[in-house]
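Geometric and topological summary
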Amino acid sequence: MTMTPVGKTSLWIAANRALETESNEPLYRDPFARELAGQTGFDMISIMKAAKHRYDMNTTGPSPYITIRTKFFDDALLNALNASAIQQVVILAAGMDARAFRLDWPSNLVFFEVDRDEVFVHKEAVLGHLQARPKCDRRIVSADLTEQWTTALVKEGFDQDRPAAFLMEGLLAYLDADSVAHLFSQLNMMAHPGSWLGFDISDADTLASPRLTQYLKQLEMLGSPWIFGINDPKTYLAKHGWRGIVTQPGEPDADYGRWPYPTIPHRITGHHSRFLVTANK
Ligand code: SAM
């Protein structure tokens, strides 16, 4: 089954996890990432590096932003579970995310991964070949997140009467505003009070910034343009019934000694702010 361009972006992110894993002092290890990424993932890294994102341009290794994002959400998910009675995790747009296999989860955890079928055809074949064993009760849900996906999730055993931790990493930029609103309304039907949410997003203003022109054009040429951003994630979340905390790479909770650039105050426009967001319901 051929992957759509946006499906293939999951291979690019897996290639970044492979480069991080194979670096001198990795922030995390993902032993499945290289095979999951395949040649396509590494080709995409080269193409996107050549397009010179402001935040990645001077590096030869993994992207500092993508590496920090992975580590930030590894920690945030485990902390959210430790601090609560949550026993369900839902990774929306899971792509090649191998957290079910590489992190140590509570023994009673049910771990759902949602993405399109095309992604799981590749992922399950590679994980099967590697004889990967999940460290929790992992269940996959093939669904399109711009359509009705909640029924499929419940059918796999998701309990909407209990809180859960939801993660949308590297997803929202690829959806239009109506699809994001639809996604949040479906998410809210699934998220019992006490639930936790994590996602990342760029600010909307700078998606039109001349500083990013080359990078954005390249994403468009690959068929996976960034079309959505949020200038004020806290307010956006509040409208949807969530209390959000916004962190930028380079701030104390998202630095890990890896952010090589100045940290720009949240609302200075034209600098391409990237937000790592966690929220509680
Ligand atoms: N979360 C993963 C990670 O960080 O490694 C994957 C991120 S990748 C950049 C984007 C993912 O979003 C792809 O796996 C793609 O299939 C998924 N995606 C995009 N639009 C989707 C949709 N409408 N329904 C389901 N998945 C979607």
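Scope of this entry: the structure provided in the associated data block. (Residues numbered from 1 in each chain as written. Predicted model: local features only at pLDDT ≥ 70, side-chain atom pairs only at ≥ 80, totals over all residues. Heavy atoms only, no water.)

If you check the shell around the ligand, you find 22 residues, and the closest are Ala93, Asp115, Asp144, Leu145 and Glu169. Leucine 145 is positioned with one of its backbone polar atoms (N or O) 2.8 Å from a nitrogen atom of the ligand. Between a nitrogen atom of the ligand and a main-chain N or O atom of glutamate 169, the distance comes to 2.8 Å. For the ligand, the protein covers 99% of the area, taking 590 Å² as the surface of the free molecule. Broken down by element, the residue count for the shell around the ligand peaks at six residues, all from helix H1 (residues 5-21). (Near = heavy atom within 4 Å. Polar contact = N/O pair within 3.5 Å; in protein donor to acceptor, adjacent residues only side chain to side chain. Areas by Shrake-Rupley, 256 points an atom, 1.4 Å probe, with all protein chains shown as cover. Helix = DSSP H or I, 4+ residues; strand = E, 2+ residues; numbered from the N terminus.)

Over its 18 residues, helix H2 (residues 33-50) extends only 22 Å from the first C-alpha to the last, a length that falls short of the 26 Å expected when each residue adds 1.5 Å. When the local axis directions of H2 are compared, the greatest deviation, roughly 75 degrees, occurs at glutamine 39. In this structure, the buried side of H2 is in contact with H1, helix H5 (117-129) and helix H8 (213-221). Positive phi shows up at lysine 52, right after H2, with a value of about 55 degrees. (Expected span 1.5 Å × (residues − 1). Bend = angle between axes of the 7 residues up to and from the residue. Contact = heavy atoms within 4.5 Å.)

Attention shifts here to the nonpolar core. Core analysis: the largest hydrophobic core is formed by 57 residues, its most contacted members being Trp12, Val89 and Trp105. Among the elements of the structure, H1, H2, helix H3 (64-82), strand S1 (88-92), helix H4 (99-102), H5, strand S4 (165-168) and H8 are those that each provide at least two residues to this core. Top element by residues in this core is H3. It accounts for nine residues. Other than its neighbours up to four places away in sequence, tryptophan 105 contacts Leu77, Leu78, Leu81, Val89, Arg99, Ala100, Phe111, Lys135 and Cys136. If you look at the next biggest cluster of nonpolar residues, it comprises 36 residues, including Val90, Phe112, Ala164 and Ile201. (Core = buried A, V, L, I, M, F, W, Y, C linked by side-chain atoms within 4.5 Å. Buried < 20%, exposed > 50% of the residue type's maximum accessible area, 1.4 Å probe, protein only.)

For glutamine 131, which is not glycine, the phi torsion reads 55 degrees and is therefore positive. With respect to the secondary-structure elements, glutamine 131 resides in the loop between H5 and strand S3 (137-142). Classification of glutamine 131 by relative accessible area gives exposed; the value is 59%. Even without glycine at this site, tyrosine 256 takes up a positive phi of about 60 degrees. Of note, tyrosine 256 is situated in the loop between strand S6 (243-247) and strand S7 (274-280). Among the residues examined, tyrosine 256 registers a relative accessible area of 26% and is labelled partly exposed.

This part takes up H1. For H1, built from 17 residues, the straight-helix expectation of 24 Å at 1.5 Å per residue is met to within 8% by its first-to-last C-alpha distance of 25 Å. The element H1 is extensively covered by neighbouring structure, given that 13 of its 17 residues are classed as buried.

The next point concerns the layout of surface pockets. It is a probe the size of a water molecule, rolled over the atoms, that shows where empty space is left. The calculated volume of the largest pocket comes to roughly 680 Å³. Thr9, Glu169, Gly170, Leu171 and Tyr174 are, among the 41 residues lining the largest pocket, the residues nearest its centre. Every element with two or more residues in the lining of the largest pocket is listed here: H1, H3, H5 and strand S5 (196-202). Among the elements that line the lining of the largest pocket, the one with the most residues is H1, at seven residues. Grouping the constituent residues of the lining of the largest pocket by class yields 20 nonpolar, nine polar and 12 charged. Approximately 150 Å³ is the volume found for the second largest pocket. In this structure, the second largest pocket is lined by Phe72, Asp75, Ala76, Asn79, Trp196, Ile245, Thr247, Asp253, Tyr256 and Thr278. The biggest single contributor to the lining of the second largest pocket is H3, with four residues. Here the lining of the second largest pocket is built from residues that sort into five nonpolar, three polar and two charged. (1 Å grid on protein atoms, 1.4 Å probe; cavity = no way out; pocket = protein on both sides within 12 Å on 5 of 7 lines; lining within 4 Å. Points joined across faces, edges and corners; volume = space filled by probe spheres on them. Nonpolar A, V, L, I, M, F, W, Y, C, P; charged D, E, K, R; others polar.)

With that settled, consider the packing of H2 against H8. Geometrically, a packed helix pair is captured by the angle between its two axes and the distance between the axes. Interhelical geometry of H2 versus H8 gives an angle of 145 degrees and a closest axis separation of 9 Å. Facing Ile47, Met48 and Ala50 of H2, the residues of H8 in contact are Gln214, Tyr215, Gln218 and Leu219. Grouping the constituent residues of the contact of H2 with H8 by class yields five nonpolar, two polar and no charged. (Axes fitted to C-alpha atoms, helices over the stretch in contact; angles between N-to-C directions.)

These figures capture arrangement, not role.
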